[in-house]
Amino acid sequence: YNRLGEYYIKRERIRDAAETYGTFARLYPAHKESAFMQLKVVEAYQKSNFATLALVAKETFVTQYGVGSRYWRLYDEDMHNRLRPHLQKHLSELAEHFHANAQKTRKVADYQKAARWYRKQITDFPKATRTPKVNFLLAESLYEGQQFRDAITEYEKTAYYYPKNKNSAEAGYAALLAYS
């Protein structure tokens, strides 16, 4: 599968390469290399500017191989350490993409999708240095999606739960505004 995918890449048959890598990941979901074959799907689409297909491949990666998944439970901390940077990167990209999309469409459902990805980031990586910022962005997406009670909770978390951070003061003020 890997050699065939590389062959297709060299021939600039990106969709065929991605489909080959993805087929391996689907047929052998518990195989140690399965997650890395799915990463090759993401990489192939990204390098060829197939943004929509790359986005779907990222969602598949995070869902199939993320924290708490069946795959995650099969492997040890060494494998988790190999996956963690990819998961954090793709979760962040998904959340930011869907938040930006929601800001364009102004649809509540789109804000909820962004919030779901922000929440997953926070849940999966609660001690990451970026978590206070992610929590603030979660609050922003909730506020913009008119889910004010939830936004207040998340703004207050950013302001008071996490150690003082760049968004603490703004989050505290935004919580007061959300109350009104």
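Refer to the structure above for everything that follows.
Scope of this entry: the structure provided in the associated data block. (Residues numbered from 1 in each chain as written. Predicted model: local features only at pLDDT ≥ 70, side-chain atom pairs only at ≥ 80, totals over all residues. Heavy atoms only, no water.)

## Quick word on the pattern of salt bridges
Okay, so step 1: Counted under the stated rule, the structure contains eight salt bridges.
Okay, so step 2: Put simply, Glu77 and Arg84 hold a salt bridge, and the shortest N to O gap is 3.1 Å.
Okay, so step 3: On the basis of relative accessibility, which here comes to 24%, the residue Arg84 falls in the partly exposed class.
Okay, so step 4: Here Lys120 ties to Asp124 by a salt bridge, and the two come within 2.8 Å at their closest N and O atoms. Taken together, the positions of Lys120 and Asp124, both in helix H7 (residues 108–124) and four residues apart, correspond to about one turn of that helix.
Okay, so step 5: Classification of Lys120 as partly exposed rests on a relative accessible area of 23%.
Okay, so step 6: With a relative accessible area of 14%, Asp124 lands in the buried category. (Salt bridge = Lys/Arg side-chain N within 4 Å of Asp/Glu carboxyl O. Buried < 20%, exposed > 50% of the residue type's maximum accessible area, 1.4 Å probe, protein only. Helix = DSSP H or I, 4+ residues; strand = E, 2+ residues; numbered from the N terminus.)

## Comments concerning the packing of helix H2 (residues 14–27) against helix H3 (residues 34–47)
Okay, so step 1: Contact pair H2 / H3: the axes reach a minimum separation of 8 Å and the direction vectors enclose 160°. When the axis of H2 is compared with that of H3, the two are roughly antiparallel. The two elements H2 and H3 cross, and the hand of that crossing is left-handed. For the pair H2 and H3, the contacting residues are Ile14, Arg15, Ala18, Tyr21, Gly22, Phe24 and Ala25 in the first and Ser34, Met37, Gln38, Lys40, Val41, Ala44 and Tyr45 in the second.
Okay, so step 2: Its residues assigned to classes, the contact of H2 with H3 comprises nine nonpolar, three polar and two charged. (Axes fitted to C-alpha atoms, helices over the stretch in contact; angles between N-to-C directions. Parallel < 35°, antiparallel > 145°, perpendicular 65-115°, else oblique. Left-handed = near helix turned anticlockwise from the far one by under 90°. Contact = heavy atoms within 4.5 Å. Nonpolar A, V, L, I, M, F, W, Y, C, P; charged D, E, K, R; others polar.)

## Overview of the packing of H7 against helix H8 (residues 131–144)
Okay, so step 1: Put simply, H7 and H8 touch, their axes get as near as 9 Å, and they point 160° apart. Looking at the two axes, H7 sits roughly antiparallel to H8. Crossing handedness for the pair H7 and H8: left-handed. Contact residues: H7 offers Tyr111, Ala114, Ala115, Tyr118, Arg119, Gln121 and Ile122, while H8 offers Thr131, Val134, Asn135, Leu137, Leu138, Ser141, Leu142 and Glu144.
Okay, so step 2: Of the residues belonging to the contact of H7 with H8, the class tally is nine nonpolar, four polar and two charged.

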